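Listed here are the chains, written in short residue letters.
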Amino acid sequence: MSNDRALLDLSIVIPSYNERNRIFKTLDAYTSFFDTKKIRYEIIVADISTDGSKELIRKYQKKHKNVVVLDIKQRGKGLAVFEGFKISKGKLLSFTDADNATPPPEFFKLYGELEGFDAAIGSRGMRRSKVVNYHQSFFRRLGSFVLGVVFVYFIFGLHIHDTQCGAKIFRREKILKVLPKMRITNSIFDIELLWRFSKIGKINEVPIKWVDDNFSHFRWSETISEFFWLLRVRFGL
Ligand SMILES: Nc1nc2c(ncn2[C@@H]2O[C@H](COP(=O)(O)OP(=O)(O)O)[C@@H](O)[C@H]2O)c(=O)[nH]1
Ligand SMILES: [Mg+2]
C-alpha cells in the first residue's frame, strides 16, 4: 500500500448495542492498556443505541483522542463491524465485544500471533483456551455445537474450532477485499467472513481466556433465518 506510513498500526471496532452498563469499563481497560504500548491505535465504537449510551460515549470521546464514535442506523453486529472497518485507518483491522469478554491482554495475544498469517482469531474451543464464568444456556451451547459441526465443518469446510469468538484481527488489504462480498450482517456473520477470508488469506486460531458475561443480546429467534442465508451464501444462490 503506497500510503502505508500514514496509516495507524491498529483499528479496534467495538460493535455496541445499548451498552450503557458495560462499554465504559471496556473502553477504560482498552485505552489504558494500549496507551502503554508503542502502538498507534484507534477504537471505533460502532453504536446503535436507544439507552443514551451514544451521548455518554461522545463525552468519553472528548477525553480520549483515540476513541471515535460511529453512528450506526441498522441492527446487526456484523453490519456495525463492516461500517467500522470502512472508516478505519489501521494497517490491522480488528473487533472486540463491548462487555470486555476478551480482556485487552488476551486481545493483545492475537496481535502477537500474526507473523506468517493474515488474520489471528480468538478461540474458546481449543485445549489451551479458558472460559471463565460460563453463562451460556444449554440451548445456546447446543446451537453453537450444531453450528460448529454442521455448518462450519461440513458445509463450509472450515477447520476452525470457534468461529464465533468476538475478538479477531485482520490485515487491512485482505479484509477490505472481503467486505464488499459480505451478505450476512448479524451475529453469525463470522462464518461467512472467515470462509471468504480463508480463500485469500491464512488464519491463525489462537486459544484465549474469555470472561463470559451473563447478559447477552444474542437471540436465536433473530438468527435462525440466517441459517438459510448461510446455505445461500455457501452455494452462491
Ligand atoms: N452495533 C451493534 N452491536 C451489536 C448488535 N448486536 C450485538 N452487538 C454487540 O456485539 C457484541 C456481542 O454481543 P453480546 O450481547 O455480548 O453477545 P454474546 O457475548 O455473543 O452473548 C456486543 O459488543 C454487543 O453490543 C447490533 O445489532 N448492533
Ligand atoms: Mg458477550
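Look above for the structure.
Asks: Could you clarify how one ought to interpret the side chain of Ser-53 in this entry?
Replies: Here Ser-53 is to be found in helix H2 (residues 53-63). Beyond its immediate stretch of four places on either side in the chain, Ser-53 contacts Asn-18, Glu-19, Arg-20, Phe-24 and Asp-47.

Asks: Can you help me understand a nonpolar patch on the surface in this one?
Replies: On the surface, Phe-138, Phe-139, Leu-142, Phe-145, Val-146, Val-149, Val-150, Tyr-153 and Phe-154 cluster together to form a nonpolar patch covering roughly 940 Å² of accessible area. Inspection of the secondary structure assignment puts Phe-154 in helix H5 (residues 138-155).

Asks: I would appreciate a short explanation of unusual backbone geometry in the present structure.
Replies: Working note: non-glycine residues mostly have negative phi, and peptide bonds are mostly trans. Positive phi, normally seen in glycine, also occurs at Asn-18, with a value near 50°. Tracing the chain through its elements places Asn-18 in the loop between strand S1 (8-17) and helix H1 (23-35). Using a relative accessible area of 23% as the deciding quantity, one classes Asn-18 as partly exposed. Of note in this structure, Asn-100 is not a glycine but carries a positive phi near 60°. Within the secondary structure layout, Asn-100 lies in the loop between strand S4 (90-95) and helix H4 (104-111).

Asks: Is there a simple way to explain the site of ligand 1 in this structure?
Replies: Surveying the vicinity of ligand 1 reveals 17 residues, the closest of which are Pro-15, Glu-19, Arg-75, Ser-216 and His-217. At a separation of 2.6 Å, an oxygen atom of ligand 1 approaches a polar side-chain atom of Arg-75. When isolated, ligand 1 has an accessible area of 580 Å², and the protein chains bury 94% of it. Contributing elements (two or more residues each) for the shell around ligand 1: S1, strand S2 (41-48) and helix H3 (77-87). Looking at the shell around ligand 1, the element that brings in the most residues is S1, giving 3 residues. Its residues assigned to classes, the shell around ligand 1 shows 6 nonpolar, 4 polar and 7 charged.

Definitions and limits used
Per chain, residue numbering runs from 1 following the sequence as it is written. Chains carry letters from A onward and ligands carry numbers from 1 onward, assigned in written order. In keeping with the model being predicted, local features are shown solely for residues with a pLDDT of at least 70 and side-chain atom pairs are shown and tallied solely at 80 or more, while totals for entire chains, interfaces and linings include all residues. Note: side-chain values were computed over all heavy atoms of the structure, leaving out hydrogens and water. Each helix corresponds to a stretch of at least 4 residues labelled H or I by DSSP, and each strand to a stretch of at least 2 residues labelled E; elements are numbered beginning at the N terminus. For this analysis, residues touch if any pair of their heavy atoms sits within 4.5 Å. Surface patches are drawn from residues lacking salt bridges whose relative accessible area is over 30%; two like charges belong together within 9 Å, two nonpolar side chains (Val, Leu, Ile, Met, Phe, Trp, Tyr) within 5 Å. Per-residue and other accessible areas were derived by the Shrake-Rupley procedure at a 1.4 Å probe size, with only the shown protein chains allowed to occlude residues. Any Lys or Arg side-chain nitrogen found within 4 Å of a carboxyl oxygen on Asp or Glu counts as a salt bridge. Between buried and exposed lies partly exposed: a residue is buried under 20% and exposed over 50% of the maximum accessible area for its type, with that area taken using a 1.4 Å probe on protein chains only. The near set for a molecule or strand comprises every residue that places at least one heavy atom within 4 Å of it. What qualifies as a polar contact is a pair of N or O atoms within 3.5 Å, subject to a donor-acceptor requirement within protein and to the restriction that residues adjacent in sequence count only when both atoms come from side chains. Charged residues are taken to be Asp, Glu, Lys and Arg, nonpolar residues to be Ala, Val, Leu, Ile, Met, Phe, Trp, Tyr, Cys and Pro, and polar residues to be all remaining types, Gly included.

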